[in-house]
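Now for the letters of each chain:
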Amino acid sequence: MMPLRGLCSSVRTLSRTRVRLPVAHSFSTTACRQLIKPLTELPDRIKPSFVPQPCNTLLALQWPAPPRNILITKKKAVASITASLIEFSQHLTSTYPSINIILEPDAADEVHEKLPFPVYTCTPPVNPNSTSPHLSSKTDVICTLGGDGTILRASSLFSHAASVPPILSFAMGTIGFLGEWKFKEYKRAFREVYMSGAHDAYFPLSDSSSKTSPSYASMRGKSMGHQRTARILLRNRLKVGVFGPTGDRINATDQEGDTYALNEVIVHRGSSPHLKIIDVFVGGRFLTEAVADGMIISSPTGSTAYSLSSGGSIVHPLVNSLLLTPICPRSLSFRPLVLPAETPITLRLGEKNRGREVEVSIDGKRISEGIGVGMEVRVLGEQVKDPISGEWDGGVPSVVRGTTGMEDRDEDHWVGGLNALLKFNYPFGDQDGQGGSGERR
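Calculation rules
- Residues numbered from 1 in each chain as written.
- Predicted model: local features only at pLDDT ≥ 70, side-chain atom pairs only at ≥ 80, totals over all residues.
- Heavy atoms only, no water.
- UniProt positions renumbered as here; feature names shortened; annotations may be inferred.
- Helix = DSSP H or I, 4+ residues; strand = E, 2+ residues; numbered from the N terminus.
- Contact = heavy atoms within 4.5 Å.
- Pairing = 2+ DSSP bridges.
- Axes fitted to C-alpha atoms, helices over the stretch in contact; angles between N-to-C directions.
- Core = buried A, V, L, I, M, F, W, Y, C linked by side-chain atoms within 4.5 Å.
- Buried < 20%, exposed > 50% of the residue type's maximum accessible area, 1.4 Å probe, protein only.
- Polar contact = N/O pair within 3.5 Å; in protein donor to acceptor, adjacent residues only side chain to side chain.
- Phe/Tyr/Trp six-rings, centres within 6.5 Å; stacked < 30°, edge-to-face > 60°.
- Lys NZ or Arg CZ within 6 Å of the ring centre and 35° of its normal.
- Right-handed = clockwise from strand over helix to strand, strands pointing away.
- Salt bridge = Lys/Arg side-chain N within 4 Å of Asp/Glu carboxyl O.

- Under an unreviewed UniProt entry, the name given to the protein chain is ATP-NAD kinase, and the organism recorded is Sporormia fimetaria CBS 119925.
- In the Sequence similarities (unreviewed entry) part of its UniProt record, the protein chain is described as follows: "Belongs to the NAD kinase family."

### Focus on the environment of D363
Line of reasoning, step 1. Relative to the helices and strands, D363 resides in the loop between β19 (359-362) and β20 (365-367).
Line of reasoning, step 2. Between the alpha carbons of D363 and R153 there is a distance of 8.4 Å; along the sequence they are 210 residues apart.
Line of reasoning, step 3. Excluding residues within four positions of it along the chain, D363 makes contact with L152, A261, L262, N263 and E264.

### Some remarks on the sheet that holds β19
Line of reasoning, step 1. The six strands lie next to each other as β17-β16-β15-β12-β19-β20, forming an open sheet whose pairing is antiparallel. Either end of the sheet is taken by a strand with one partner, and the two such strands are β17 (337-340) and β20. Neighbour to neighbour, the strand axes of the sheet diverge by 20° on average, direction disregarded.
Line of reasoning, step 2. Bridging between strand β12 (residues 264-268) and β19 involves four bridges; their strand directions are antiparallel.

### Some words on the nonpolar core
Line of reasoning, step 1. I72, F88, L92, L103, L168, F170 and F190 are the most contacted members of the largest nonpolar core, which has 41 residues in total.
Line of reasoning, step 2. Grouped together as the second largest cluster of nonpolar side chains are 27 residues, V242, V265, L324 and I367 included.

### Section: helix α6 (residues 186-194)
Along an α-helix, a turn takes 3.6 residues, which lines up residues three or four apart on a common side.
Line of reasoning, step 1. Within the span of α6, buried status applies to Y186, A189, F190, E192, V193 and Y194.
Line of reasoning, step 2. Buried positions along α6 lie against β3 (56-62), β4 (69-74), α2 (79-95), β7 (141-146), β8 (167-171) and β22 (396-400).

### Focus on the side chain of K74
Line of reasoning, step 1. For K74, the location among the structural elements is in strand β4.
Line of reasoning, step 2. In this structure the side chain of K74 is engaged in a polar contact, spanning 3.3 Å, whose partner is the side chain of E110.
Line of reasoning, step 3. If sequence neighbours within four positions are ignored, K74 has contacts with I81, T82, L85, E104, A107, E110, L145, T150 and R153.

### A closer look at the packing of aromatic side chains
Line of reasoning, step 1. A complete count under the given rule lists 10 aromatic pairs for this structure.
Line of reasoning, step 2. A centroid spacing of 5.3 Å and a plane angle of 65° characterise the contact between Y96 and F190, whose relative ring orientation is edge-to-face. Of this pair, Y96 sits in the loop between α2 and β5 (100-103) while F190 sits in helix α6; the two residues are 94 residues apart in sequence, bridging distant segments of the chain. The residues Y96 and F190 share a single accessibility class, namely buried.
Line of reasoning, step 3. Aromatic rings pair up to connect F88, Y96, F170, F183, Y186, F190 and Y194 into one cluster.
Line of reasoning, step 4. In this arrangement the basic side chain of R237 is found over the ring face of Y260, its NZ or CZ atom lying 4.1 Å from the centre.
Line of reasoning, step 5. Here R378 stacks its cationic end above the ring of F243, 3.9 Å away from the centre of that ring.

### Observations concerning the pairing of β8
Line of reasoning, step 1. The buried count for β8 comes to four of five residues, which makes it a mostly enclosed element.
Line of reasoning, step 2. Relative to β8, β7 is paired through five bridges, and the arrangement is parallel. Within the sheet, the bridge partner assigned to L145 lies in β8 and is F170.
Line of reasoning, step 3. As for the winding sense of the linkage, the β-α-β connection from β7 through helix α5 (residues 148-156) to β8 is right-handed.

### With respect to the pairing of strand β16 (residues 321-327)
Line of reasoning, step 1. Burial runs high along β16: seven of the seven residues are buried.
Line of reasoning, step 2. Residues S321, L323, T325 and I327 point to one face of β16 and L322, L324 and P326 to the other, with burial holding for every one of them.
Line of reasoning, step 3. As paired elements, strand β15 (residues 294-298) and β16 share five bridges and run antiparallel to each other. In the sheet register, G294 faces β16, and the bridge partner there is I327.
Line of reasoning, step 4. With four bridges connecting them, β16 and β17 associate as antiparallel partners. Each residue of the ladder has a partner; that of L323, found in β17, is V338.

### A closer look at the pattern of salt bridges
For side chains bearing opposite charge, pairing can occur when the charged atoms are close.
Line of reasoning, step 1. Here the structure, examined in full by the defined rule, presents 15 salt bridges.
Line of reasoning, step 2. Among the salt bridges present, the one from K47 reaches D393, with a minimum N-O distance of 3.7 Å. Here K47, found in the loop between β1 (36-38) and β2 (49-53), pairs with D393, found in the loop between β21 (376-381) and β22; they are 346 residues apart in sequence, far enough to count as distant.
Line of reasoning, step 3. What makes K47 partly exposed here is its relative accessible area of 42%.
Line of reasoning, step 4. In this structure, K352 and E289 form a salt bridge, with 3.3 Å as the shortest nitrogen-oxygen distance. Here the residue K352 occupies a position in the loop between β18 (345-349) and β19, and E289 occupies one in strand β14 (residues 285-292), the gap between them amounting to 63 residues.
Line of reasoning, step 5. Of the residues examined, K352 reaches a relative accessible area of 55% and is grouped as exposed.
Line of reasoning, step 6. Several salt bridges share partner residues, and in doing so they unite E185, R188, E192 and R401 into one network.

Below is the structure:
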């Protein structure tokens, strides 16, 4: 029999001993975060107004509420630009919490795993000549990372929309004549667009992370004042309709109506070795029978592209006009024409053509099916100002660099582009860039 003292000691030892029993762990079941979301979940587009300013030919950008849905397009297959896209997207979402990032489907698949927030995209259209109907109703601002081709592709995403959101372009391509900003300036450039036309006193958000609240957040250091607005160059587009010999529209897809082109529409002989015979009508009246490799109808923006290489004039983008330029014509007296934008131009493939092959391209998108003798391309300049309300609601609003002060009247980014990029009237033999005799310094 155990003594009482030993029994008490054993009881104290057992009381200090922890008995480990198996514990049933309960695991929380949370849904996986959807990193790529459909465009339809976004709030509707916020449309800005473009206000004329005294002593300035450009327009002022004014938002009724801060933009939320930002479409970013980039040049494909360039690793450095992809890295810039990630950097830019992270800056936007961290600095402006109410912003949503929209990417093209290929870009969304490429970078969504590298971003700590979801991105939005649209379903790729089955027809390559069609566009997503939701982009025009959801996008507030377009930002492009690349060259002129990236800007054209961004514009083509709205080729069936009468109203295009403002485009903020960063020149990261080869020439970049249409690009206005360097990428290292992206913080300042986007701030100017985001805060453009806003007052000095902002109303704070009750919930700054809300994706639907349309009021300005209180952002220290971001205010520019309601007088300092982003400057807009409204680029006119072309309204293009392509009709087959039977009169049926060829370039129609799931969207009815004309296609808008920022640069040009081209009728070209393509792979055919023969010159094409094209009947040209201006204002509904027969002008001439063109015998050439093809014909170009371009906008003022497109005047520095294929039309310029074919001998066409350089036209300032504020000149509301159409350019008719032959491509390698047989007659040396066939010179390019500059016509009023409201003058309709029709190109008809004539009956005298030996070769039946011809190609039509609208801003680089080729149309080959259904093209034959009797085919017509009808072009008219886009109306960018409503004649009744007087509002500017058309074209492609391009954000251009602005300055403050009296020097703003003397600044013309287009002139700077001619000198720096196109080397306008660049003297022969001037290898060091110092200029020849008579050059302004």
